[in-house]
Amino acid sequence: MASALTVATQGASTGAHNAGVHIAPTLNQAIQDSVRRFPTRPALSAKRDGAFRPMSYAALASDIQMIASALNGLGIHKGDRVAILSENGMNWARIDLATLAIGAVVVPIYPTLPANQVSYMLRDSGAKAVFAGDAMQLAKVKAVRADCPDLEEVVLISGAAEGGVRDLDSFIALGRDFPLTDDAYKAAWSGVTPDDLATIIYTSGTTGDPKGVELTHGNFMNVISGVPTIIPWDETDIFLSFLPLCHIYERAAGYYLALTGGSQIVYVEGSSSVERIAKLPLNFVEVKPTIFLGMPRLYEKMKEKIEDAAAKAGPKKKKVFDWAIGVGLKAARIEMRGGKVDRATAIQRSLADKLVLHTVRERFGGRIRYLVSAGAPLAGDVMEFFHACGLMMIEGYGLTETSSLAIANRANNIRPNSVGLPGDNNEIRIAEDGEILCRGGNVMRGYWRKPEATAEAITADGWFHTGDLGTYIEDGFIRITGRKKDLIVLSNGKKVAPQDIEANLKTSPYITDLALMGDGSQSVVALIVPAFDRLQEENGAPMDRAALASDPEVRRFIKKELDRLSVHLADFEKVRKFALMDHEFSIENGELTPTLKVKRHVLTARYKDILADLMN
């Protein structure tokens, strides 16, 4: 699935970073190199008993070897598939790295998925073992275990196990009872080559059953080797881990990337996304990270909260806030293109920083060098806001099938609303129909057990069809204009790419989510999830959600928001009719993918009556 990357770096120079980063041929070699170079430095950290407690690289290496021994004791060997169905945490990483160390293949499964989808991925991958995070995830496995003939071992990571299930302690005990000798262990991890499969990541399935993307050790290391010119990092960096490790960007950029440079990864508190979001502000202040990976909607919400706080501080402070942001933006627009800020503006920005801008950075702990946004395009005004606050944002683009990064802006060479220039280690071209094609060492080996789908996606000469549409803008920068399969073809033949329009409309603080529709209709229509709490608090909207969705005043207000944000659109691209939903789209009800992308085919089938009325 497509994924936009946005990186924000604080204005200070980062030239010293990556001076000692060594890019190894495989993930196994990269981890061993970090252990050798930084044995006493913290590798992973999580909160326990009220404090973040780090694990050193040496301790991590010992655990990896112990768990690798346990896997070997279970009869899991090179090429076997091992699934992880769990929330983020140190155990996720330990199990993952141990699996890779013996040459086995990791199959990450989103813990938000229902049992039937878990069953599909376990069966399709032929997983021999699965690690379930807790009792809730174990229940899913138990419900489908009979349908998974290859599944031999189930291990419960957290909690007491029974009935043919091992708990983590008893599993690790196998490593002590049947340890791999140092020579055997080294032979195992060093015997893995760049061409060996590291993982099978199932795409989100916005248009049907998910496909297993085969990524090799070489795929990951190809991407990592191209990152230093975009995101310099080293052993002094602290990554605050928030996104699910099942997601390609967290896996590549927030995890493997961090460990290859000897950096520390600190896991945000919480056993669910809701808990992690609630704990995030506190963890920023406690951890004082230098690098953070989030999603566009999260950054949009952060921006809204900062602006709301300024508005509630009173008219005088709001005026100072707006002035400071304006000064910061003036300087940022010069620096984004590699220019030098004039003396007068630099003096003004220094004052603005003392009065306002530094307080924004303090919300992130005060040491942030990079903010990374993945999963969807980031609106230009959000990017510019963080630039104005002293954070340089770099937007880019990648997919699961390209091991994450394929295109990116560079520091001091940035175009808002563009994903940038091709990565250092891959080629990009745009086909006649506007589809973006990618070729290079980052492109997947293929789709697991789907040779026809692989042949359809990758040409004989190695060009991968991304399914995304793009266009060149100034200086060869690329802008993503939509998803090829999502194109709305109106009855008059006009074609509308919905993703950019949706991203822009969602910048309204009164719209939580929306999906544009209208294939075969005379005009574009929309299913809109309003921001219930904000409308109720600020606009006196009905407290009952169904009543709010049908309230004429609310509809008029949302129509004004649509009009306000659509002035730049062609007439045929504007939303003419819309329905307000009385509930949010969610992963649980199948309307969103685990990475929060709308499943249009599900919405089309589920709300066919509503859409029929809108499209008449």
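Please read all numbers here as calculations on a predicted model, not as lab measurements. Along each chain, residues carry numbers from 1 onward, in the same order as the chain's sequence is written. Selection of residues for local features in this predicted model requires a pLDDT of at least 70, selection of side-chain atom pairs for listing and counting requires 80 or more, and totals for whole chains, interfaces and linings are taken over all residues. Hydrogens and water are ignored here; the side-chain numbers use all heavy atoms of the structure.

> What exactly am I supposed to notice about the overall build of the protein here?
The helix count covers DSSP runs of H or I at least four residues long, the strand count covers runs of E at least two residues long, and both are numbered beginning at the N terminus. On a plain count of helices and strands, the protein comes out with 21 helices and 27 strands. In summary, the protein has a C-alpha radius of gyration of 24 Å against a globular reference of 25 Å for 616 residues, a match within 12%. Counting only C-alpha atoms and orienting by the principal axes, one finds that the protein spans roughly 70 × 60 × 50 Å. Put simply, the protein has 616 residues, and 58% of those count as buried. By the convention used here, residues are in contact when the closest approach between their heavy atoms is within 4.5 Å. Relative to all contacts within the protein whose residues are 6 or more apart in sequence, the contacts with residues 24 or more apart total 68%. Surface exposure of the protein reaches about 24500 Å², of which carbon and sulfur atoms provide 52%. Counting rule for charge: Lys and Arg are taken as positive, Asp and Glu as negative, and neither His nor the chain ends is counted. By convention, the charge on Lys lies at NZ, on Arg at CZ, on Asp at CG and on Glu at CD. Taking the 71 positively charged and 74 negatively charged side chains of the protein as two groups, their mean positions are separated by 5 Å. Both definitions apply: the radius of gyration is a C-alpha atom measure, and the globule rule equals 2.2 Å times residues to the power 0.38. Residue burial is assigned from relative accessible area. The probe radius is 1.4 Å, only protein chains are included, and a residue is buried under 20% of its type maximum, exposed over 50%, and partly exposed in between. The protein chains shown are the only cover counted for residues, whose accessible areas, like all others here, come from Shrake-Rupley with a 1.4 Å probe.

> Could you clarify how one ought to interpret unusual backbone geometry in this entry?
Leave glycine aside and you will find that most residues have negative phi; peptide bonds, for their part, are mostly trans. A positive phi angle, near 65 degrees, is found at Asn417, a position not held by glycine. The residue Asn417 is located in the loop between β16 (404-408) and β17 (421-422) in this model. Phi is positive for Arg449, which is not a glycine, with a value near 55 degrees. Within the secondary structure, Arg449 is located in the loop between β20 (446-447) and α15 (451-457).

> Before we go on, may I ask you to explain the state of the cysteines in this structure?
Disulfide: a covalent bond connecting the sulfur atoms of a pair of cysteines. In plain terms, two cysteine sulfur atoms within 2.5 Å form what is called a disulfide here. Counting across every chain of the model gives zero disulfides. Here Cys148 stays unpaired: no disulfide links it, and the sulfur of Cys246, its closest cysteine neighbor, is 17 Å away. For Cys148, a relative accessible area of 3% gives the class buried.

> Help me understand the sheet that holds strand β18 (residues 426-430) in this model?
Note on sheets: strands pair through backbone hydrogen bonds, and any given pair is parallel or antiparallel. By definition, two strands form a pair when at least two bridges between them are found by DSSP. Reading across the sheet, the four strands line up as β18-β19-β21-β22 and stay open at both edges, with antiparallel pairing between neighbours. With one partner strand each, in any of the chains shown, β18 and β22 (478-483) form the two edges of the open sheet. Averaged over all adjacent pairs, the angle separating strand axes in this sheet is 45 degrees, with direction ignored. Bridge analysis of β18 against strand β19 (residues 435-440) gives five bridges, and the strand direction is antiparallel. Residue pairing for β19: Ile430 is matched across the bridge by Ile436. Each axis is a line fitted through C-alpha atoms, and for a helix only the stretch in contact is used; angles between axes span 0 to 180 degrees, taken between their N-to-C directions.

> Honestly, a nonpolar patch on the surface in this entry has me stumped. Any pointers?
Residues Val320, Trp323, Leu351 and Leu355 make up a contiguous nonpolar surface patch of roughly 340 Å² in combined accessible area. Counting only elements with at least two residues in the nonpolar patch, the list comes to α12 (315-335) and α13 (343-362). As for its position among the elements, Leu355 is in helix α13. Overall, the relative accessible area of 49% leaves Leu355 in the partly exposed class. Patch members must show over 30% relative accessible area and no salt bridge, and they are joined within 9 Å when carrying like charges or within 5 Å when they are nonpolar side chains of Val, Leu, Ile, Met, Phe, Trp or Tyr. By definition here, a salt bridge exists when the distance from a side-chain nitrogen of Lys or Arg to a carboxyl oxygen of Asp or Glu is within 4 Å.

> I'm lost on the packing of aromatic side chains in this one. Help?
Both the distance between ring centres and the angle between the ring planes are used here to describe each pair of aromatic rings. Pairing of aromatic rings covers Phe, Tyr and the six-membered ring of Trp, with a centre-to-centre limit of 6.5 Å; geometry is then stacked below 30 degrees between planes, edge-to-face above 60, and tilted otherwise. Under the definition given, this model contains 13 aromatic pairs. Between Tyr120 and Tyr202, the ring centres sit 6.3 Å apart and the planes meet at 75 degrees, which makes this aromatic pair edge-to-face. Taken together, the positions of Tyr120 in helix α4 (residues 115-125) and Tyr202 in strand β9 (residues 197-202) put the pair 82 residues apart, joining distant regions of the chain. The buried category is assigned to Tyr202, whose relative accessible area is 5%. With a centroid separation of 4.7 Å and 85 degrees between ring planes, the pair formed by Tyr510 and Phe557 is classed as edge-to-face. Of this pair, Tyr510 sits in the loop between α16 (498-505) and β25 (511-517) while Phe557 sits in helix α19 (residues 552-564), and the two are 47 residues apart along the sequence. Through pairs of rings, three or more aromatic residues link up here, namely Phe242, Phe284, Phe292, Tyr299, Phe364, Phe385 and Phe386. For a ring to carry a charge above it, either NZ of a lysine or CZ of an arginine must fall within 6 Å of the ring centroid while also lying within 35 degrees of the normal to the ring plane. One cation-aromatic arrangement involves Arg534 over Tyr510; the distance from NZ or CZ to the ring centre is 5.9 Å. Arg555 extends its terminal NZ or CZ atom over the ring of Phe578, reaching a point 4.3 Å from the ring centre.

> Explain the layout of surface pockets here, please?
The gaps of empty space that remain are located by a probe, the size of a water molecule, rolled over the atoms. Estimates place the volume of the second largest pocket at around 670 Å³. Buried and open spaces are told apart on a 1 Å grid over the protein atoms alone, a cavity being a set of points where a 1.4 Å probe fits but cannot get out and a pocket being an open set with protein on both sides within 12 Å along at least five of seven lines. Residues with an atom within 4 Å of a point are the lining residues. Around the second largest pocket sit 25 residues that line it, and Ala46, Asn88, Gly89, Met90 and Asn91 are the ones nearest its centre. Broken down by secondary-structure element, the contributors of at least two residues to the lining of the second largest pocket are β2 (42-48), β3 (51-56) and α3 (90-101). In terms of residue count, α3 provides more of the lining of the second largest pocket than any other element does, four residues in total. For the lining of the second largest pocket, the class distribution of residues is nine nonpolar, nine polar and seven charged. Grid points are joined across faces, edges and corners, and a volume is the space filled by probe spheres set on the points. Note that Gly is not counted as nonpolar here; it falls among the polar residues with everything else outside the nonpolar set of Ala, Val, Leu, Ile, Met, Phe, Trp, Tyr, Cys and Pro and the charged set of Asp, Glu, Lys and Arg.

> Explain the side chain of Arg297 to me, please; I cannot follow it from the model alone.
With respect to the secondary-structure elements, Arg297 resides in helix α11 (residues 296-312). Looking at Arg297, its side chain comes within polar contact range of the main-chain oxygen of Lys506, at 2.7 Å. Those residues in contact with Arg297 that lie beyond four places of it in its chain are Glu304, Lys506, Ser508, Ile511 and Thr512. The definition of a polar contact used here is a pair of N or O atoms within 3.5 Å, where within protein one atom must be able to donate a hydrogen and the other to accept one, and adjacent residues in sequence count solely through side-chain atom pairs.

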